[in-house]
Amino acid sequence: MNVIRTCLLFLCLLVAGPSLAWAAPIFLEDHAQGLALSEPGHTLWLQDDTGALTLDDVRGADQDRRFEPAPACFAAQPRCAGALVQAANGTTYPRGRLGLGHADHRPQGRAVFFGPFDSTGRALAPPVHTGLSQVFSTRPLASERYLMRLQLPAPGVYTVYARLVSDAAPILGLSVWDTAEYLQWRQHKRLFDGICYGILLALLVYNLVLAAIFRDAAYGYYVGQCTFALLTLASFNGHAAHYLWGDWPWWQERSNVVLPGLWMLFAMLFARSFLEARLVPWLNRAFLGVGALASLAVLLAIAGQLGLAQALNEGMATGGALLATAGAIVIMRRGYIPARWYLGGQAALFLSALGVVLVNWKVVDAPFLLANGLQIGVAVEMVVFALALSTRIGRMRSTQTRLRLQAEHLATAAATDPLTGLANRTGLAQGAARVLADGTAITVMLLDLDRFKPINDAHGHDAGDVVLRAVAERLQSQIRPHDLVARLGGDEFILLLAGHLPDAQLAAMAERLGAAIQAPIPFQGKALTVGSSTGIARSPQDGQTLTELVRSADKAMYQAKQGHGGYAFHRTV
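By convention here, each chain's residues receive numbers from 1 onward along its written sequence. In keeping with the model being predicted, local features are shown solely for residues with a pLDDT of at least 70 and side-chain atom pairs are shown and tallied solely at 80 or more, while totals for entire chains, interfaces and linings include all residues. Each side-chain value is worked out from all heavy atoms of the structure, with water and hydrogens disregarded.

Peer 1: What is the right way to look at the overall build of the chain in this model?
Peer 2: Per the secondary structure count, the chain includes 14 helices and 20 strands. When burial is assessed residue by residue, the chain has 51% of its 573 residues classed as buried. For the chain, the accessible surface area stands at approximately 26,300 Å², while carbon and sulfur atoms represent 61% of it. Segments assigned H or I by DSSP are reported as helices when at least four residues long, segments assigned E as strands when at least two residues long, and all are numbered from the N terminus. A simple rule labels every residue: compare its accessible area, found with a 1.4 Å probe on the protein chains alone, to the largest value its type can have, and call it buried under 20%, exposed over 50%, or partly exposed in between. Computed with a 1.4 Å probe, the accessible areas rest on the Shrake-Rupley method; for each residue, only the protein chains presented here act as cover.

Right, dumping it as structure tokens:
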């Protein structure tokens, strides 16, 4: 069975002697941020091993000696606690103007307040039931943090008892407020909270769009981290219970543990993806391990093991931050520049958390930082992470551009003859496929060089290469921009002419090509000359495909060689 932690809080507002005379009293005074009941000796606690102590039991004189100064956070054993408050002599408070509240981010699970009792022990108000186990609308002033109104008719001795029950370790971040000042502070706090929520929501929507566009896992994990960071803050601040699930007490208690666990899970997944931790096996395993612990904490919280789940969350909050920082440093040393941005985001959250700690330790007097430090750090961290993702966009685009250029280069190289720069057989097939797909008529002119082999034999392959390059340039200069010249290999060239062309025009073009090819080609002080034989085939009469047209043009080219006419049209028999 789950161990339930039970706490009993005892408070006195007095101008006469207290019932717990050895406790150090606190004097009430006007304080815009509420008067904290956290000084050593002001808050007392009593361990209740059975959880069965009644109000009459605690008020009994035999229990006074068992009270001890309360720490900031209770241990795992069931406890009772109390605090002692004293009003300054002559201080008066209008009826209903004082209230008991808390500034901590984690409200109590269940709470019952009794009193206040005057010096004669008479209760001035009925008990108040509040806490996460209650429907939100039953809370005093429908407030996220306001626990109980103190009905004080005049200066005197007043005692308030509260029984606090929490399945997770409770923290006594209690304060006494002037109700009017509290309501004014509450409006300012809501305004600031709304700004932080708006920043996180804008980042969430923006990166959700980017995640859909880029299909990059890092954006998806960022969206998850931002979502659960936003919900965690709203849950800690009480706004989630106020506006989202106030009628679901079961989830109100668990959301304060489940949501931080999911936040840390996606934070680890984001760090792993953004920092490309797969390149460092030990770091990758460490991120996955912390993510697994976060998942375990979520499951434990859902099962009702809130104390154990919260302990896991608190351990991971420290260990996960150290791991992410160390991982970012390791990756940054490997030359991954965006890791610097990640370190900046971690530093922002660390500094805000440090500020809250310093305020708790009374090193710095900054109530605003105590109430808002966490969400300031989270908002700044998520903004910096969004900037880090923008650098990732530039890096991704640069990589994609490089890969695209490489792919284009490889595709061009695969379709190009390296000697002449003309299309090769692959390039010819690609060009013909585009033209034939449109249903356009094409003409194929197949050229074979005459007297080329003797040049190779007499002057070597260097001379042959010079001839082939010269012929390629001359053929390229004779065609239209949308036509194609290719080298099939050896001393064979082919021209792909788009559109229907009359025989007379084709014949004239063949003669021009022959004359251009026969022009002398200089090589090492010599003039080399070659001739050509051209075969002409047209679609659709000579073939429907490139293969059929080349076969027909090849037959016509051999006819031209045999007739010594320079060119010949394919004639069907």
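Peer 1: Can you help me understand the sheet that holds strand β16 (residues 492–498) in this one?
Peer 2: Within a sheet, each strand pairs with its neighbour through backbone hydrogen bonds, oriented either parallel or antiparallel. Strand pairing requires that DSSP identify at least two bridges connecting the strands. What the five strands build is an open sheet, ordered β15-β16-β14-β19-β20; its pairing is mixed. Of all the strands in the sheet, just β15 (484–489) and β20 (567–569) have a single pairing partner and so form its edges. For this sheet the average axis-to-axis angle between neighbouring strands, irrespective of direction, equals 20°. Pairing geometry for β15 and β16, over five bridges, is antiparallel. Looking at the pairing, Arg487 lines up with Phe493 of β16. Note on contacts: a residue pair is in contact if any heavy atoms of the two residues lie within 4.5 Å. Convention adopted: a line fitted to C-alpha atoms gives each axis, helices being fitted over their contacting stretch, and angles between N-to-C directions are expressed from 0 to 180 degrees. Contacts from helix α13 (residues 503–518) reach β14 (442–450), β16, β19 (531–538) and β20 within the one sheet, and its direction differs from that of β19 by about 155°.

Peer 1: Help me out: how do you make sense of the nonpolar core in this one?
Peer 2: Most often, soluble globular proteins have nonpolar side chains that are buried together. We call a set of buried Ala, Val, Leu, Ile, Met, Phe, Trp, Tyr and Cys residues a nonpolar core when their side-chain atoms join them within 4.5 Å. Tyr222, Phe274, Leu275, Phe287, Tyr342 and Met382 are the most contacted members of the largest nonpolar core, which totals 57 residues. Those elements that place two or more of their residues in this core are α2 (179–214), α3 (217–236), α5 (249–274), α6 (281–302), α7 (306–333), α8 (339–360) and α9 (367–414). When residues of this core are assigned to their parent elements, the largest contribution, twelve residues, is made by α5.

Peer 1: How should I be thinking about a nonpolar patch on the surface in this particular structure?
Peer 2: Only residues whose relative accessible area exceeds 30% and that form no salt bridge are eligible for patches; like-charged ones are grouped when within 9 Å, while nonpolar side chains (Val, Leu, Ile, Met, Phe, Trp, Tyr) are grouped when within 5 Å. Salt bridges are counted wherever a side-chain nitrogen of Lys or Arg sits within 4 Å of a carboxyl oxygen of Asp or Glu. A contiguous nonpolar surface patch, about 510 Å² in accessible area, is contributed by Leu191, Ile195, Ile199, Trp341, Val383 and Leu387. For the nonpolar patch, the secondary structure elements donating two or more residues are α2 and α9. At three residues, the largest contribution of residues to the nonpolar patch is made by α2.

Peer 1: Would you take a moment to explain the layout of surface pockets for this structure?
Peer 2: Which parts of space are left empty comes out when a probe the size of a water molecule is rolled across the atoms. Considered as a void within the structure, the second largest pocket measures approximately 290 Å³ in volume. Using protein atoms alone on a 1 Å grid, points that fit a 1.4 Å probe yet trap it form a cavity, whereas open point sets bounded by protein on both sides within 12 Å along at least five of seven lines form a pocket; residues with an atom within 4 Å of a point count as lining. Surrounding the second largest pocket, 19 residues form its lining, Ala423, Gly427, Gly431, Arg434 and Leu484 being those nearest its centre. Looking at the lining of the second largest pocket, the elements with two or more residues in it are α10 (425–437), β15 and β16. The element that contributes the greatest number of residues to the lining of the second largest pocket is α10, accounting for five residues. Here the term charged refers only to Asp, Glu, Lys and Arg, the term nonpolar to Ala, Val, Leu, Ile, Met, Phe, Trp, Tyr, Cys and Pro, and the term polar to all other amino acids, Gly among them. Residue classes in the lining of the second largest pocket are distributed as nine nonpolar, eight polar and two charged. Grid points are joined across faces, edges and corners, and a volume is the space filled by probe spheres set on the points.

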